[in-house]
Amino acid sequence: MTELFEILHSTRAMRRLKPDPLPDALIAKILRAGASAANGGNTQRWRFLVVKDPAIKQAVQQWYKRAYDEVIGPRYAGSAPPPGTTAERYARQHAAVEYLTEHFHEAPVWIVACIAEEKPTRWSGASIYPAVQNMLLAARALGLGATLTTRHLLYEKEAEAALGLPPGVHSYAILPIGYPMGRFGPVGRGPLRDITFLDRWGETWDIPEEG
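Figured I'd write up the structure that's included with this text. Starting afresh in each chain, residues are numbered from 1 along the sequence in its written order. Side-chain atom pairs in this predicted model are given and counted only at pLDDT of 80 or more, local residue features only at pLDDT of at least 70, and totals for whole chains, interfaces and linings cover all residues. Only hydrogens and water are removed before side-chain values are computed, so all heavy atoms of the structure are retained for them.

1. A word on the overall build of the protein chain
Where helices and strands are cited, they refer to DSSP runs of H or I of at least four residues and of E of at least two residues respectively, numbered from the N terminus. A tally of regular secondary structure across the protein chain gives six helices and four strands. Going from the N terminus to the C terminus, the protein chain shows its helices and strands as α-α-β-α-α-β-α-β-α-β. The dimensions of the protein chain, computed from C-alpha atoms along their principal axes, are 50 × 40 × 35 Å. Burial status follows relative accessibility: with a 1.4 Å probe on protein chains alone, a residue under 20% of its type maximum counts as buried, one over 50% as exposed, and anything between as partly exposed. The proportion of buried residues among the 211 residues of the protein chain is 38%. Contacts were defined at the residue level, with two residues in contact if any of their heavy atoms lie within 4.5 Å. A separation threshold of at least 6 residues defines the contact pool for the protein chain, and within that pool the share at least 24 residues apart is 81%. The charge count treats Lys and Arg as positive and Asp and Glu as negative. His and the chain ends do not count. Taken as the charge centre is NZ of Lys, CZ of Arg, CG of Asp or CD of Glu, depending on the residue. Averaged over its 24 positive side-chain charges, the protein chain has a centre that lies 3 Å from the centre of its 22 negative ones.

Listed below in structure tokens is the structure:
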């Protein structure tokens, strides 16, 4: 079994996925990991829609691509590389995002992470995103590629209608899952000292960067 910290530091977004079908047993393991996560009051209001139907995925992909064409693509084109990466790596990331855009519907399985809640609040995500992270880590441990995407929410009503979500249920992320075309590797992040303060906002901390 891959060690926990190796999994944590190498669970990067895998956007190039093979269309090969996945065993239901692996998806069940991922879902059980999600359902083991923390959630507010242990109310377990999460709901997981597993999508395999090509017609449903293609219907959502139309809105997904439109969001790329109108918002995401131009944003990438006009942005500088984020902390911890280079212009070359950022260009590869952009290419992978574009690939996922075109092939989103070909991922063999989607897990749509939802909450059954009539009126979502600012803290609603605390009851679903820990489950999403658990599922991403579980997919990594199983050697499967996945990524957390919320782009469909730029066209929330249209995408959720295509997914067939009933009133009172809202999606918070889609996880396309499949066998990865590439290899897992370290995530690119900036130094901790640039994002961490001690006791007071803006008070720098000479925190160890390794270990």
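Still more to cover.
2. Description of the pattern of salt bridges
Salt bridges are defined by distance alone: a side-chain nitrogen of Lys or Arg within 4 Å of a carboxyl oxygen of Asp or Glu. Going through the model one piece at a time under the given rule, you end up with six salt bridges. The residue Lys65 makes a salt bridge to Glu102 at a minimum N-O spacing of 3.9 Å. One end of the pair, Lys65, is in helix 3 (residues 54-77); the other, Glu102, is in helix 4 (residues 87-103), with 37 residues separating them in the sequence. With its nearest N and O atoms 3.5 Å apart, the salt bridge here joins Glu88 to Arg92. Here Glu88 pairs with Arg92, and both are found in helix 4, just four residues apart, close to one helical turn. Within this structure, Lys65, Asp69 and Glu102 form a network of salt bridges that share partners.

3. Quick notes on a nonpolar patch on the surface
On the surface, Leu4, Phe5 and Leu8 cluster together into a nonpolar patch covering about 310 Å² of accessible area. Take Leu8: it is sitting in helix 1 (residues 4-10). To count toward a patch, a residue needs a relative accessible area over 30% and no salt bridge; like charges are then connected within 9 Å, while nonpolar side chains (Val, Leu, Ile, Met, Phe, Trp, Tyr) are connected within 5 Å. Note on areas: these come from Shrake-Rupley sampling with a 1.4 Å probe, and a residue is covered only by the protein chains present in the view.

4. Topic: the packing of helix 3 against helix 4
Two elements in contact, helix 3 and helix 4, have axes whose closest approach is 9 Å; the angle formed by their N-to-C orientations is 165°. The angle between helix 3 and helix 4 falls in the class roughly antiparallel. In this structure, the crossing between helix 3 and helix 4 has a hand that is left-handed. Contact residues: helix 3 offers Gln61, Tyr64, Lys65, Tyr68, Ile72, Gly73, Tyr76 and Ala77, while helix 4 offers Tyr90, Gln93, His94, Val97, Glu98, Leu100, Thr101 and Glu102. Under the grouping applied here, Gly and all other residues not named as nonpolar or charged are polar, the nonpolar ones being Ala, Val, Leu, Ile, Met, Phe, Trp, Tyr, Cys and Pro and the charged ones Asp, Glu, Lys and Arg. Looking at the contact of helix 3 with helix 4, its residues break down into eight nonpolar, five polar and three charged. Helix axes are fitted only over the stretch in contact, all axes being lines through C-alpha atoms; the angle between N-to-C directions runs from 0 to 180 degrees. Roughly parallel means an angle under 35 degrees; roughly antiparallel means over 145; roughly perpendicular covers 65 to 115; every other angle is labelled oblique. The hand of a helix crossing depends on one turn: near helix anticlockwise from the far one by less than a right angle means left-handed, and clockwise means right-handed.

5. Describing the sheet that holds strand 3 (residues 145-146)
DSSP calls a pair of strands paired once it identifies at least 2 bridges connecting them. If you walk across this open sheet you meet the four strands as 1-2-4-3, and the pairing is antiparallel. Whereas interior strands pair on both sides, the edge strands pair on one side only; in this sheet they are strand 1 (46-51) and strand 3. Set on the sheet, helix 3 makes contact with strand 1, strand 2 (109-116) and strand 4 (169-178); between it and strand 2 the angle comes to about 70°. Against the sheet, helix 5 (residues 129-141) contacts strand 1, strand 2, strand 3 and strand 4, and its axis sits at roughly 5° relative to strand 4.

6. Observations regarding empty space enclosed by the protein
Here the term cavity refers to a set of points on a 1 Å grid, laid over the protein atoms alone, in which a 1.4 Å probe fits but cannot get out; the term pocket refers to an open set having protein on both sides within 12 Å along at least five of seven lines, with lining residues being those that place an atom within 4 Å of a point. Grid points are joined across faces, edges and corners, and a volume is the space filled by probe spheres set on the points. As enumerated under the stated definition, the model contains one cavity of 30 Å³ or more in all. Each pocket or cavity is described by its volume, and for the largest cavity that value is around 50 Å³. Forming the walls of the largest cavity are Arg15, Leu17, Tyr99, Leu100, His103, Phe104, Glu106 and Ala107. Here the residues of the lining of the largest cavity are counted per class, giving five nonpolar, one polar and two charged.

7. Description of the environment of Ile7
Of note, Ile7 is situated in helix 1. By relative accessible area, Ile7 is classed as buried at 7%. For Ile7 and Asp69, which are 62 residues apart along the polypeptide, the C-alpha to C-alpha distance reads 33 Å.

8. Structural notes on the environment of Gln58
With respect to the helices, strands and loops of the structure, Gln58 is situated in helix 3. The class for Gln58 is partly exposed, based on a relative accessible area of 41%.

9. Notes on the packing of helix 3 against helix 6 (residues 156-163)
Viewed as axis vectors pointing N to C, helix 3 and helix 6 meet at an angle of 175°, and their least axial separation amounts to 8 Å. As the angle between them shows, helix 3 and helix 6 are arranged roughly antiparallel. Residues Ile56, Ala59, Val60 and Trp63 of helix 3 lie in contact with helix 6, whose contacting residues are Glu158, Ala159, Ala162 and Leu163. Tallied by class, residues from the contact of helix 3 with helix 6 come to seven nonpolar, no polar and one charged.

From the geometry alone we can't say anything about function, so treat these as descriptive.
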